[in-house]
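Chain residues, written in single-letter form:
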Amino acid sequence: MEHQHHKLNLFDIRWMWSMFGTAIGAGILFLPIKAGTHGFWPVVVMAILSFPMTWLSHRALARFVNAIGNEDITHAATRLGRKAGFVITLMYVFALYPICLAYGVGITNTAESFFVHQLGLHYFEHNRFFLAEHLITGMIFVMIFNTTVVTRIANALVYPLALILLVFSLYLIPYWKTAMITEIPTFAGFFAALWFTLPVLVFSFNHSAIISTFAQAIEKRYGALKHFKTNQIELLNTSLLLFFVMFFVFSCILCLEPSDFDKAREQNIPILSYFANTLGSPIIGYAGPLVAFLAITTSFFGHYYGAKEGLKGLVVQIFTKDKLNTKRHKQIDVWITLFLWISIIAVSYYNPSILGFIESLGGPALATITFILPIVAMYLLPSMKEFRSPWADGFIFLTGVLTVLNAIVGFL
């Protein structure tokens, strides 16, 4: 019977796809824009590095959740002390809330670009507020109705989405230019390219949002075998992610010049919208924006739900020492929804850089939770002693620190 459990079964494969679905989202549509600016070879190195980065960090996070008695990450963090719990909840909000804002901007820009370039409706160029307000209101309205249904639909959409991205990557092959392969940057150029892309890389492969649920499910199902299974499923998931994400990134990069990525960044649109406006292919013209719209919407729902929960956790931790009654909980819910609705519309109208959000807030905050926290816990908690492995831990910790430093340097 033990031996049977070592093999992959349907339960494991379902979990692998759930984690894959959590990671595949709008991040992948912005990664080529960031990575492409530096040329082809740094991306090859990124592909090699992102494998151990993703696999080891998420595995360590799952072990952390198991080690502290299987609660979700924000509750688990309170095991390191009340203050640590508060700081980690704050990081969690910092990781998710700015991304909701960025996705609000992304959805508005994708729709505007589609109306103007593909449908020739120039009315929307001058009525950005109308567009932002309708789109954001629509998405939040759907979330108020029934979170479970929305999350289920968003999860179901991930698989066709991944398939479309794969087809898109294959479709671009005839457009590949080999000129990029011959350009080799200097060592300093390599390091700079990797370092500056780290936050977007961390963001594009991140599926920490589902890790606590995953770790709890694996423990319940496998008991003593949980660490073996966590490692096995996470390893497969990372391999799958690496293939999908990196093949898409390579395919995009080989079609365009570095100046194209600068333009896409300036226009603040996902790579698919940029292709729709420049490739001159009617299929991509209509399918590109649609896929981008779906990818951003499904990602938005997941991040919005997390941001709302996190903000509520913060409010409750700051303002209340005693237990809240249901009425107060409802009031806090209403105020948080209002705050999110107004701030996302305002930021979408203002149109700041989406990549800027990911680089300076989203990526570094996720790196703190996924790369730094589990390693610190590993050396603080006696229950995690068996997992210490200086080389792997050093690598994850260093990656996390470099990602956070990136943001600090950016602010200076």
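Residues numbered from 1 in each chain as written. Predicted model: local features only at pLDDT ≥ 70, side-chain atom pairs only at ≥ 80, totals over all residues. Heavy atoms only, no water.

An unreviewed UniProt entry annotates the protein chain as HAAAP family serine/threonine permease of Helicobacter mehlei. In its Subcellular location (unreviewed entry) section, the UniProt record describing the protein chain reads: "Cell inner membrane". (UniProt positions renumbered as here; feature names shortened; annotations may be inferred.)

1. As for helix 11 (residues 211-222)
Over its twelve residues, helix 11 runs 16 Å from end to end, which matches the ideal 16 Å to within 8%, given 1.5 Å per residue. Where helix 11 is concerned, the buried positions are Ile 211, Ser 212, Phe 214, Ala 215, Ala 217, Ile 218 and Tyr 222. (Helix = DSSP H or I, 4+ residues; strand = E, 2+ residues; numbered from the N terminus. Expected span 1.5 Å × (residues − 1). Buried < 20%, exposed > 50% of the residue type's maximum accessible area, 1.4 Å probe, protein only.)

2. Side note on the state of the cysteines
By the definition in use, this model includes zero disulfides. Of all cysteine sulfurs, the one in Cys 252 lies closest to Cys 255, which takes part in no disulfide; the gap is 6.8 Å. We classify Cys 255 as buried; its relative accessible area is 6%. (Disulfide = S-S within 2.5 Å.)

3. Examining the pattern of salt bridges
Across all of its chains, the model carries seven salt bridges by this definition. Residue Arg 128 is joined to Glu 112 by a salt bridge in which the shortest nitrogen-to-oxygen separation is 2.9 Å. Here Arg 128 is found in helix 7 (residues 128-145), whereas its partner Glu 112 is found in helix 6 (residues 82-118), with 16 residues between them in sequence. Here Arg 128 matches Glu 112 in class, with each residue buried. (Salt bridge = Lys/Arg side-chain N within 4 Å of Asp/Glu carboxyl O.)

4. Looking at the nonpolar core
Leu 29, Met 246, Phe 248, Phe 275, Phe 300 and Ile 344 are the most contacted members of the largest nonpolar core, which totals 132 residues. Counting residues per element, this core draws most heavily on helix 12 (residues 226-255), which supplies 15 residues. Residues contacting Phe 275, with those up to four places away along its chain left out, are Phe 168, Leu 172, Cys 252, Cys 255, Leu 256 and Ile 284. (Core = buried A, V, L, I, M, F, W, Y, C linked by side-chain atoms within 4.5 Å. Contact = heavy atoms within 4.5 Å.)

5. Points about the packing of aromatic side chains
Counted by the stated rule, this structure contains 22 aromatic pairs. On the basis of an interplanar angle of 70° and a centroid distance of 5.1 Å, the ring pair of Phe 20 and Phe 244 is categorised as edge-to-face. With a gap of 224 residues between them, Phe 20 in helix 2 (residues 10-23) and Phe 244 in helix 12 connect regions that are remote in the sequence. A relative accessible area of 0% places Phe 20 in the buried class. The interplanar angle of 85° and the centroid separation of 5.0 Å between the aromatic rings of Phe 40 and Trp 41 together place this pair among those described as edge-to-face. Residue Phe 40 is classed as buried on the basis of its relative accessible area of 10%. Judged by relative accessible area, which is 28%, Trp 41 ranks as partly exposed. Over the ring of Trp 55 we find Arg 59; its NZ or CZ atom is 5.0 Å from the centre of that ring. (Phe/Tyr/Trp six-rings, centres within 6.5 Å; stacked < 30°, edge-to-face > 60°. Lys NZ or Arg CZ within 6 Å of the ring centre and 35° of its normal.)

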